Amino acid sequence: MGDTIGIVILAAGKGTRMKVETPKALVPALGRPLLDYVVDAALKFAHSSSLKAEVGVVIGHKKELLEEWWNSHENKSQLKLAIQKQQNGTADALKSCFNDLPHFWDYTYTLVACADTPMIQESEFIRLFEALKKDPTMVGVAGTFEAHNPTGYGRIVCSSKGFHIVEEKDATEDERQIREVNSGFYILKTSHVKEILGSITNNNKSGEFYLTDLFQDNFSVKAVKCPSEIPFLGINTMEQLAHVNGLLTERKLKKFFVDGVNILNPQSVHFDDEVEIGVGSVIYPGVTILGKTKIGKNTVIESGSFIKNSQIGDDVEILANSYLEEAEVHHDVTVGPMARLRPGTIVGSKSKIGNFVEVKKAKLAQGVKISHLSYVGDAEIGENSNIGCGFITCNYDGVNKHKTKIGSNTFVGSDVQAIAPIEIGNDAFVAAGSTITKNVPDGGFAIARTQQVTKEGAAKRFLKTKKT
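Residues numbered from 1 in each chain as written. Predicted model: local features only at pLDDT ≥ 70, side-chain atom pairs only at ≥ 80, totals over all residues. Heavy atoms only, no water.

**A closer look at a nonpolar patch on the surface**
Among the surface-exposed residues, F411, F429, F445 and I447 lie close enough to one another that they form a single nonpolar patch of about 400 Å² accessible area. Inspection of the secondary structure assignment puts F429 in strand β35 (residues 429-430). By relative accessible area, which is 38% here, F429 ends up partly exposed. (Patch = residues over 30% accessible without salt bridge, like charges linked within 9 Å, V, L, I, M, F, W, Y side chains within 5 Å. Areas by Shrake-Rupley, 256 points an atom, 1.4 Å probe, with all protein chains shown as cover. Salt bridge = Lys/Arg side-chain N within 4 Å of Asp/Glu carboxyl O. Helix = DSSP H or I, 4+ residues; strand = E, 2+ residues; numbered from the N terminus. Buried < 20%, exposed > 50% of the residue type's maximum accessible area, 1.4 Å probe, protein only.)

Written as structure tokens, this is what we have:
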């Protein structure tokens, strides 16, 4: 059996300075909880290092929200939760993990990570692990970096025997001048943790149990200095969150550029972290793309468009100021300008959704055209049907929603209302200005207008003239 590792992520913090209602670990950065970034990086590291791994997330503040996060996580089978009942320091948090998940003692190694560091990547974990593996006598490594401003960080104090970590509150004035600081990321042999963790005291100015006490001059431990502080940037304020959002955006943009995406004005667009865009696609200024949106190849997204959790195929045009949410658009489709596709919309290939068209919970087959000023809700429309200007599916009776079904190769004229539930067949024709209340069979022609009455010379009775 190969080496194993228990990954412990400390996620019990409140985020007091951020003034948020959720636990700090669930605060979103580019649309994803901070915690997700750390989980992903740690699992990627374990996989690339051929380590059998399990993640223990230590929760506390508003634990029910983190339980909801866990229940819906795609890697739930590799995640376990442990509860820190009181905020008594990082060593107490790690002890809580082993108390609630005692099988974590069986792992060869223990990795400890902070939940509020979304810039972390697998490369930092690999750096620490390789340093630990080089010397069989080594029992632990701590990630460190040279801080531009070390205020708030634990300082790395070196001696002839080794090193130890001094928290800022306990540091002397000389120690506070040290620029090499503790990242809060550690990889240790679990046997060392088991030997020392229970003996850690809270004899310090904070009255907390410090995990840094696992690193002492007389222990065979090493400080592994990383070249940049960026991977370890923690989030404690909204200002820091904004800064890290900017860094994450830069990282995302670089990936898009490498993938062949043409973003015309990178400073004016916003992408969430899970957005995917295919080669050759063009993103105009002022576009927002959120959630798990996936955009295909050679697709154009024009200015002012807002896209959320949608799937868009190849060779699609999303014209200016269109809004798509939880929609599915197949290849060779034009949407907009100023169209709205609401949740549950599926637009078949080679279709056209024009300006001021709203579609909700509707399935449109290949080649459907709804060119302007229409509302299609709770509907199905067959292949190559053409819907005229001002068409409305009257799907709501004040209590319930009802469905409209229109077949293939059917023409619906302008200013038509379909009173659902209603079915219009294949190869049918509905005349302009009709209110359709009865089903129309295949090949049928439907017209529903009142008779026009014209009275000659009567207009003067209805025209109003301005009094002088």
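**Section: the nonpolar core**
Counting 48 residues, the largest nonpolar core has F271, I283 and I353 as its most contacted members. Every element with two or more residues in this core is listed here: α7 (238-258), β27 (352-364), β28 (369-381) and β34 (422-424). In terms of residue count, the dominant contributor to this core is β27 (five residues). Residues in contact with I353, not counting those within four places in the same chain, are T334, V335, G336, A339, L341, V347, V359, L364 and I370. Grouped together as the second largest cluster of nonpolar side chains are 43 residues, L43, L81, L111 and A113 included. (Core = buried A, V, L, I, M, F, W, Y, C linked by side-chain atoms within 4.5 Å. Contact = heavy atoms within 4.5 Å.)

**Remarks on the state of the cysteines**
Under the counting rule described, the total for this entry stands at zero disulfides. Among the cysteines around C114, which has no disulfide bond, C226 carries the closest sulfur, lying 13 Å off. (Disulfide = S-S within 2.5 Å.)

**Notes on the pairing of β28**
With 10 bridges joining them, β27 and β28 adopt parallel strand pairing. Across the sheet, the residue bridging to V359 is V376, located in β28. Of the pairings in the sheet, the one linking β28 to strand β29 (residues 386-387) comprises two bridges and is parallel in character. Directly across from K369, in β29, lies its bridge partner N386. Across three bridges, the pairing between β28 and strand β31 (residues 404-406) is parallel. Looking at β31, one finds that I381 is bridged to I406. (Pairing = 2+ DSSP bridges.)

**A short note on the environment of P343**
When you line up the elements, P343 lands in the loop between β25 (340-341) and β26 (346-347). Judged by relative accessible area, P343 falls into the partly exposed class, the value being 30%. Residues P343 and K133, 210 residues apart in the sequence, show an inter-C-alpha distance of 51 Å.

**So, the packing of aromatic side chains**
Counted under the stated rule, the structure contains 15 aromatic pairs. A centroid spacing of 5.6 Å and a plane angle of 5° characterise the contact between F145 and F232, whose relative ring orientation is stacked. Of this pair, F145 sits in strand β7 (residues 140-146) while F232 sits in the loop between β11 (221-225) and α7; the two residues are 87 residues apart in sequence, bridging distant segments of the chain. Here F145 and F232 have matching classes, each one buried. Relative to F215, the ring of Y186 has its centre 5.2 Å away and its plane inclined at 40°; by these criteria the two rings are tilted. Highlighted residues: Y186 in strand β10 (residues 180-189) and F215 in the loop between α6 (190-196) and β11, separated in sequence by 29 residues. A cation over a ring is seen here: K76 above W70, with NZ or CZ 4.5 Å from the ring centre. Sitting above the plane of the Y396 ring, K401 keeps its charged end 5.4 Å from the centroid. (Phe/Tyr/Trp six-rings, centres within 6.5 Å; stacked < 30°, edge-to-face > 60°. Lys NZ or Arg CZ within 6 Å of the ring centre and 35° of its normal.)

**Looking at helix α1 (residues 34-48)**
Helical geometry: 3.6 residues make up each α-helical turn, so side chains three or four residues apart lie on a common side. For α1, with 15 residues, the first-to-last C-alpha span of 22 Å sits near the 21 Å given by 1.5 Å per residue. Residues L34, L35, D36, Y37, V38, V39, D40, A41, A42, L43, F45 and A46 constitute the buried set of α1. Just beyond α1, the residue with positive phi is S50, at close to 55°. (Expected span 1.5 Å × (residues − 1).)

**A word on unusual backbone geometry**
Cis geometry is found at the peptide bond from G336 to P337, where omega equals 5°. The residue P337 is located in the loop between β24 (334-335) and β25 in this model. Residue P421 is reached from A420 by a cis peptide bond, and omega for that bond is 5°. For P421, the position within the fold is in the loop between β33 (417-419) and β34. In this structure, K62 is a non-glycine residue whose phi angle is positive, near 50°. For K62, a relative accessible area of 29% gives the class partly exposed. A positive phi angle, near 55°, is found at L373, a position not held by glycine. The exposure class of L373 is partly exposed, given its relative accessible area of 47%.

**Topic: the environment of S434**
Relative to the elements of secondary structure, S434 occurs in the loop between β35 and β36 (435-436). Classification of S434 as buried rests on a relative accessible area of 0%. Taking C-alpha positions, S434 is 18 Å from G407, a pair spaced 27 residues apart along the chain. Excluding anything up to four places from it in sequence, S434 contacts D415, V416, Q417, A446, I447, A448 and R449.

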